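# Chain and residue survey
The primary structure of each chain is shown beneath.
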Amino acid sequence: MVTPSNTIESAATETSVFDVRSFQGMISVLQQYWAEQGCIVQQPYDMEMGAGTFHSSTFLHAIGPEPWYACHTQGSRRPTDGRYGDNPNRLQHYYQFQVAMKPSPQNMQELYLGSLEALGFDLLEHDVRFVEDNWESPTLGAWGLGWEVWLNGMEVTQYTYFQQCGGIACKPVLGELAYGIERLAMYIQGVESVYDLLWGHTPSGPVSYGDVFHQNEVEQSAYNFEHADTAEMFRVFDICERECQRLVELKLPLPAYEQVLRGSHTFNLLDARHAISVTERQRFILRVRGMSRAVAEAYLQSREELGFPLLAATAAGL
Amino acid sequence: MNAADLLFEIAVEELPATALQPMVGHIAEHLKKELVAADFAPGNCLVREFATPRRLAVIVSDVVSRQQQQSVERRGPALAAAFDSDGNPTKALQGFARSCGVEPVALERMKTDKGEWLVFRSVAEGQTLSGFLESVLNTIVKQIPSPRRMRWSDGDTEFLRPVRAVNLLHGDEVLPLQVLGVTAGNSLAGHRFHAPGPFELASASEYEEVLLNQGRVIADFNKRRQRVVELVEACASRAGASVVMDPALVDEVTALVEWPVAVSGAFDQHFLELPKEALIQTMEVNQKYFALVDAQGNLQPGFVTVSNIESTNADSVKSGNERVIRPRFADTLFFWEKDAATELHTRAESLDKVLFQEKLGSLLDKTERLSSLCEYLAGEFSADASSASRAAQLSKCDLVTDTVGELPKMQGIAGEYMAAAGGESAEVCVALREQYYPLKAGGALPESTLGRILSIADKTDTLVGIFGIGEKPSGAKDPFALRRSAVGLLRILIESEQPLDLQSLFAHSASCFGNRLNKDYESADTVSFVMERLRSYYQDRGEPHDVIDAVMAKGISDPLDFHRRVLAIGSFRKTEAAESLAAANKRIQNILKKIEGRVPDTLDEKRLSETAEISLAADLREVSAELTPKFDQGDYMNAMRSTAKLRDSVDAFFDNVMVMVDDEEVRNNRLALLKQVGELCSRTADLSRLQPEAS
């Protein structure tokens, strides 16, 4: 168990894996903490996605009666937020730390606050608030109610009780936490630019976030805004939609879901290039929603046909 | 048991800030109503409301634990109908007795002056409070008006946010009822961090005190609000500044804390290069900060925020908040400087890529329509047509800037700054800002003529366009906020005393749409929709509704004209003459209503014979001559005073002259006289709609 400490500085020694003063140390602390609360530690999904919510650990597991406790980091891609590495706060690729708990435990807020303590925040020193923020993803046919969590006025986490996913009512309800870990790390490390974050130490010296990602931000911004082949993207989108439909018919909801992910990211790229007019935009959103609904229904059905295995595991006390 | 306080508290995870007061208000109103209606509390019982992000609570005073015994008396069939000729109970009696659950012999007899009846009398035991409350409370919470409810965990209960506990005490007695899926108790949670509790509550009356002294929670919304105001003002004055205090922001901040603590922070001076509106918006809307100004009203590089903690290290809260605002301002400054590189008017071309409404075209299409409307209005307002058209052409250009993309409420304001930088005339710049006025119900109106013109044009185009494609508001659905546009339009014309005929304006507007509108569109529908909004406008101003009805009946489409008539009738109806004139008018209308066939328009004075009718006709001629010029000038007050002179001769006419005589020609002539009198009386408003002074 990580001992909650009074100040950030005393959270751990510099050499510890759990030193929250490095980006990787912070991730380790969060993983450790949530594992102790009964979450499995999953790994990031290996495809482009706009937010941790798209990881099957949240989107698909929010559907149906089976319980699910999991956490993981997830790279999130927002092509329009690219700033060629020039803006200290905006990135087209950044990380979220994602927690999914279903059914949402009665003390989920307290568990969340415990994670802030694990990161070294003294809750009698810092002003932590739960401020209304209702989440809705038109492309996923999903919505939920919850908050953005404020730490001294800074939004550090999105906290949502899922009510609907892929057009299907969530029952039981999945509670989702999405930490913006770069922001939290900047706060903990007291740096003004994301690129100045300490990622970790190596024998050849400290490695910064900029060392790892700055070139990527420059090049990906150029790709997103200037070079992405829009004609090809429209074609890709059409293929994703077609494939998704075909795979759903073949009762293969998991590969079909990857077509949703690809389609959705392609749509975001087209959007970044302003290739989609306002009217068309709405139609594209509806097309993605159509795909995610079909997948959600097929997934629910496939789990049912399997006898909802995770329910059985709970009953058997596994 | 003697009467005691009843406490009902719902402890909940953090509620949306704007929900607190309406929710607790609903609970208080309905709980009192139910308790009073069921005789558990007197009509004058006190109801106190408490609302914080984590709790909604109501205390009702003088509640008893058991209802009085209820005497029941039900009247059955009359004696005559109760027994047949053989003295046996009839079907009617049997049915009645069965419905009372007794045999016919158990019924009593009751004598009245109208006869004798069978009657059922009984005394029912009063219900207990706890037996009564469970379903009442569950119904009340279910009916709280709220846009979106949610479920949580694996339960079926629905509420705005997950419910953690319910507390229900009558005096010192806990009522362990099932409300919102939990068993009610008496265990209070305090401040989330300072004093989490739980605290056992011994008696309902101690609720506020226990929360304050042990729980570090100021439960009463208004007391907490007052505290927020004091703390923020004190904090600002320590920083040598005063504070910009938007009441809605104070409400919101109050709803976000249980234990307010004000903290001031600073930002770099160089951000003051940004328009102050942009800075204030970022602070207020995104961060819920109060902006600071000096004695001259100049924005200062600082803010006050209200936290929910007495921090062990207040500097952490201060520096944390400063860290948040800095990148936000830096972003805005970046966009602002980037936007400044493009002249505002050159953005007009890109407006064709932004949709106004699918059937109504792009913002460029809208701009072209506005230009034509503004030129039309410039004629009506005696303003310079080329300036008006220029303002229209620039009006939507700022919507495609990054600054407005980031801060939508900068629309118009950004345009004003950018137009000024581009050397546009001062009146055009101001009009760009004022086009969106009023920003909220009762908000400030455009003060410049050009601002009024552009604002009216913008609202007209939206109203006519949306009506023209058949999307007029229905019920609560008003996605284009047409009701708000309509009221804004009316207020501008009335409060700046600008005459304008909406019928012609809307017809002109419709012609600007080419063939985009539905073929069967009638702009008269839009005119009457807008004019109908006057009812709520005048209701808010306390004008009696019958006065509005009376003027509405005239089918007027110039709001200022309407307004002048309302004022005239409003004060005229308070005069002595009004009531009899209204009564006479009603009498005239009643007579004319019954006439089949046409009542002639012209009066043949030679046919008049009775003194009273001759003198009424003479007065009519005189009053009409006196009134017409006043009426034409819109001087309705004096026109009504002139009309009042007819009162005596009308009364005399009705006292002495028989209208419905057999001689058809005489009869028609008298009817024609009455018709003319009626028309004269009702030129300003349909007086027959005025209610006697009771209303």
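Residues numbered from 1 in each chain as written. Chains lettered and ligands numbered in written order. Predicted model: local features only at pLDDT ≥ 70, side-chain atom pairs only at ≥ 80, totals over all residues.

Right, let's get into the overall build of chain B. When helices and strands are counted, chain B shows 26 helices and 18 strands. Rg of the C-alpha trace for chain B: 35 Å, well past the compact-globule value of 26 Å for 695 residues, more than 25% over. The dimensions of chain B, computed from C-alpha atoms along their principal axes, are 100 × 95 × 45 Å. Taking all contacts inside chain B whose residues are at least 6 apart in sequence as the whole, residues at least 24 apart take part in 66%. (Helix = DSSP H or I, 4+ residues; strand = E, 2+ residues; numbered from the N terminus. Rg over C-alpha atoms; globule rule 2.2 N^0.38 Å. Contact = placed C-beta atoms within 7 Å.)

A tally of helices and strands in chain A yields 9 helices and 11 strands. The C-alpha atoms of chain A give 20 Å as radius of gyration, which agrees with the globular expectation for 318 residues (20 Å, within 12%). For the C-alpha atoms alone, the extent of chain A along its principal axes is close to 55 × 55 × 40 Å. Within chain A, the fraction of its 318 residues that count as buried is 48%. Excluding contacts between residues fewer than 6 apart, the proportion of contacts in chain A whose partners are at least 24 apart in sequence is 65%. (Buried ≥ 20, exposed ≤ 12 C-beta atoms within 10 Å, placed from the backbone.)

The next subject is unusual backbone geometry. With an omega dihedral of -5°, the bond running from K102 of chain A to P103 of chain A counts as a cis peptide bond. If you trace the backbone, P103 of chain A turns up in the loop between β3 (93–102) and α3 (108–118). Looking along the chain, the bond that leaves G197 of chain B and enters P198 of chain B is cis, with omega of 5°. Structurally, P198 of chain B can be placed in the loop between β11 (187–188) and β12 (199–200). Although it is not a glycine, S382 of chain B sits at a positive phi angle of roughly 50°. Here S382 of chain B shows up in the loop between α10 (363–381) and α11 (385–394). On the neighbour-count criterion, S382 of chain B (7 C-beta atoms within 10 Å) is exposed.

All names here are of chain B. Read across the sheet, 3 strands follow the order β4-β6-β5 without closing on themselves; strand pairing throughout is antiparallel. Across the chains shown, the open sheet's two edge strands, defined by having one partner strand only, are β4 (70–78) and β5 (108–112). Strand-to-strand twist in this sheet, taken as the mean axis angle between neighbours without regard to direction, amounts to 40°. With 5 bridges joining them, β5 and strand β6 (residues 115–124) adopt antiparallel strand pairing. Bridge pairing links R109 to L118 in β6. Its contacts with the sheet place helix α3 (residues 91–100) against β4 and β6, and it is angled at close to 165° to β4. (Pairing = 2+ DSSP bridges. Axes fitted to C-alpha atoms, helices over the stretch in contact; angles between N-to-C directions.)

Residues and elements named next belong to chain B. The element strand β16 (residues 299–307) is largely enclosed, with a buried count of 7 among its 9 residues. Relative to β16, strand β14 (residues 261–266) is paired through 6 bridges, and the arrangement is antiparallel. Within β16, the residue paired with A262 across the bridge is V306. Looking at chain direction, strand β15 (residues 290–293) and β16 are connected through 3 bridges and run antiparallel. Paired with F290 across the strands is V304, a residue of β16. Where β15 folds back on β16, the antiparallel hairpin that results is connected by 5 residues, among which G297 adopts a positive phi of roughly 85°.

With that out of the way, let us pick up the interface of chain B and chain A. With 31 residues of chain B in contact, the opposing surface of chain A contributes 30 residues. If one sorts the elements of the side of chain B that touches chain A by residue count, helix α9 (residues 314–340) of chain B sits on top with 7 residues. Taken together, the residues that form the side of chain B that touches chain A break down as 12 nonpolar, 11 polar and 8 charged. (Nonpolar A, V, L, I, M, F, W, Y, C, P; charged D, E, K, R; others polar.)

This paragraph deals with the confidence of the model for chain B. Looking at chain B, pLDDT values average 92 and 99% of them are 70 or higher. The complex prediction reports pTM at 0.81, with the ipTM value standing at 0.92. (pLDDT = per-residue confidence, 0-100.)

Here we take up the sheet that holds β15 of chain B. Residues and elements named next belong to chain B. Overall, antiparallel pairing links the 4 strands, which are arranged β13-β15-β16-β14 in an open sheet. Looking at strand neighbours, the two that pair on one side only are β13 (242–243) and β14, the edges of this open sheet. Summarising the sheet, β13 and β15 pair through 2 bridges and their orientation is antiparallel. Residue pairing in the sheet places S242 in a bridge with V293 of β15. Running over the sheet, α9 touches β14 and β16 and is turned about 50° from β14.

With that settled, the discussion passes to the packing of helix α15 (residues 449–468) of chain B against helix α16 (residues 482–495) of chain B. All names here are of chain B. Following both chains from N to C, one finds α15 and α16 inclined at 145°, their axes separated by 9 Å at the closest point. As for how α15 packs across α16, the hand of that crossing is left-handed. Each of R452, S455, I456, K459, T460, T462, L463 and I466 in α15 lies in contact with α16, whose residues at this interface are L482, S485, A486, G488, L489 and I492. For the contact of α15 with α16, the class distribution of residues is 7 nonpolar, 5 polar and 2 charged. (Left-handed = near helix turned anticlockwise from the far one by under 90°.)

Between its terminal C-alpha atoms helix α26 (residues 664–681) of chain B stretches 25 Å, which fits the 26 Å expected from 18 residues at 1.5 Å a residue. Buried positions along α26 of chain B lie against α22 (576–594), α23 (611–632), α24 (636–644) and α25 (647–656) of chain B. (Expected span 1.5 Å × (residues − 1).)

Taken residue by residue, chain A gives an average pLDDT of 92. The fraction at 70 or more is 93%. Low pLDDT, under 50, characterises residues 1–14 of chain A; the stretch is placed with 24 contacts to residues that sit more than four places away or in other chains.

All names here are of chain B. If you check which residues of helix α18 (residues 523–532) are buried, you get S523, T526, V527, V530 and M531. Seen along its axis, α18 keeps its buried residues to an arc of 130°; they face one direction. In this structure, the buried side of α18 is in contact with α15, α16, α17 (502–512) and α19 (534–540). (Arc of directions from axis to C-beta.)

All right, on to the domain arrangement of chain A then. All names here are of chain A. Along its sequence, chain A is organised into domain 1 (23–223) and domain 2 (228–312). Spacing between the C-alpha centres of domain 1 and domain 2 amounts to 23 Å. Facing 25 residues of domain 1, the contacting portion of domain 2 comprises 24 residues. For the side of domain 1 that touches domain 2, the class distribution of residues is 14 nonpolar, 8 polar and 3 charged. (Domains from an automatic or database assignment.)

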